[in-house]
Amino acid sequence: MKKTIEKIDLYFTELINLIISLLFIAMFIVIIIGVWKRYVINNPWFGAEEAARYLMVYLVFIGICSAYNKNRHPSLTFVINRFSPTFRRVWFIIIDLIIFVLLIYMFKYGMEKTVMAVYSKTPALRLPFNWIFISIPIGSVLMMIQLVLKYLKVVFIKEKD
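Conventions used here
- Residues numbered from 1 in each chain as written.
- Predicted model: local features only at pLDDT ≥ 70, side-chain atom pairs only at ≥ 80, totals over all residues.
- Heavy atoms only, no water.
- Axes fitted to C-alpha atoms, helices over the stretch in contact; angles between N-to-C directions.
- Helix = DSSP H or I, 4+ residues; strand = E, 2+ residues; numbered from the N terminus.
- Parallel < 35°, antiparallel > 145°, perpendicular 65-115°, else oblique.
- Left-handed = near helix turned anticlockwise from the far one by under 90°.
- Contact = heavy atoms within 4.5 Å.
- Core = buried A, V, L, I, M, F, W, Y, C linked by side-chain atoms within 4.5 Å.
- Buried < 20%, exposed > 50% of the residue type's maximum accessible area, 1.4 Å probe, protein only.
- Patch = residues over 30% accessible without salt bridge, like charges linked within 9 Å, V, L, I, M, F, W, Y side chains within 5 Å.
- Areas by Shrake-Rupley, 256 points an atom, 1.4 Å probe, with all protein chains shown as cover.
- Salt bridge = Lys/Arg side-chain N within 4 Å of Asp/Glu carboxyl O.
- Phe/Tyr/Trp six-rings, centres within 6.5 Å; stacked < 30°, edge-to-face > 60°.

1. Re the packing of helix H4 (residues 85-116) against helix H6 (residues 135-157)
- Across the interface, H4 lies against H6 with an axial gap of 8 Å and an inter-helix angle of 155 degrees. Judged on the interaxial angle alone, H6 and H4 are roughly antiparallel. Once H4 is placed against H6, the crossing between them reads as left-handed. Here Phe-92, Ile-93, Asp-96, Ile-99, Phe-100, Leu-103, Ile-104, Met-106, Phe-107, Gly-110, Met-111 and Thr-114 of H4 lie close against H6, whose contacting residues are Ile-136, Pro-137, Ser-140, Val-141, Met-143, Met-144, Leu-147, Val-148, Lys-150 and Tyr-151.

Spelled out as structure tokens, the structure:
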């Protein structure tokens, strides 16, 4: 079981990092082309700013999963570190439970917004808005998977949480 969980965690982390890298590269290319067309060719690409914005939305919602995995999310460690290890362990479990409940809410809300936005289109690119709103449930599910993997590793591999 230990090796299976480690492999799943490794593949999941690699997949998330690959997606983030591709999104970042795509956003960079869109911005460079937009700037090039606007200031060098003097023929602006009308949808460049919108495309970069929506790529950034996906980057944020998928990036939180990677930040959480690497324990680089914002936290008040200078306060929490003053407490006993037992208190910190309980505190982080409570925080993770709260995060999980909020992720369920985000998933539900994101799905509602996605369904409601089926017929709306973005102004410049004319993409369906549900393509943008689906980033909320995608990010929520990926983060929930990350949380479950974290506690599977704690239980089966005996890592500290």
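The structure having been displayed, the exposition proceeds.
2. Brief notes about the nonpolar core
- Of all hydrophobic cores here, the largest spans 15 residues; its most connected members are Phe-12, Ile-16, Val-30, Ile-62 and Leu-142.
- Elements with a contribution of two residues or more to this core: helix H1 (2-40), helix H2 (48-69) and H6.
- The element best represented in this core is H2, accounting for seven residues.
- In this view, Val-30 contacts Trp-45, Ala-48, Ala-51, Ala-52 and Leu-55; residues no more than four positions away in its chain are not counted.

3. A word on a nonpolar patch on the surface
- Taken together, the side chains of Phe-24, Ile-25, Phe-28, Ile-29, Ile-32, Ile-33 and Trp-45 make up a nonpolar region of the molecular surface, amounting to roughly 650 Å² of accessible area.
- Within the fold, Phe-24 resides in helix H1.

4. Here we look at the packing of aromatic side chains
- Scanning the model with the defined rule gives five aromatic pairs in all.
- Centre to centre, the rings of Tyr-54 and Phe-129 are 6.4 Å apart; their planes meet at 75 degrees, and the pair counts as edge-to-face. Residue Tyr-54 is located in helix H2, and its partner Phe-129 is located in the loop between H4 and helix H5 (130-133); the two are separated by 75 residues in the primary sequence.
- The partly exposed category is assigned to Phe-129, whose relative accessible area is 22%.
- Measuring from centroid to centroid gives 6.1 Å for Phe-129 and Phe-133, while their planes differ by 35 degrees, and the two rings are tilted.

Keep in mind these values describe shape, not function.
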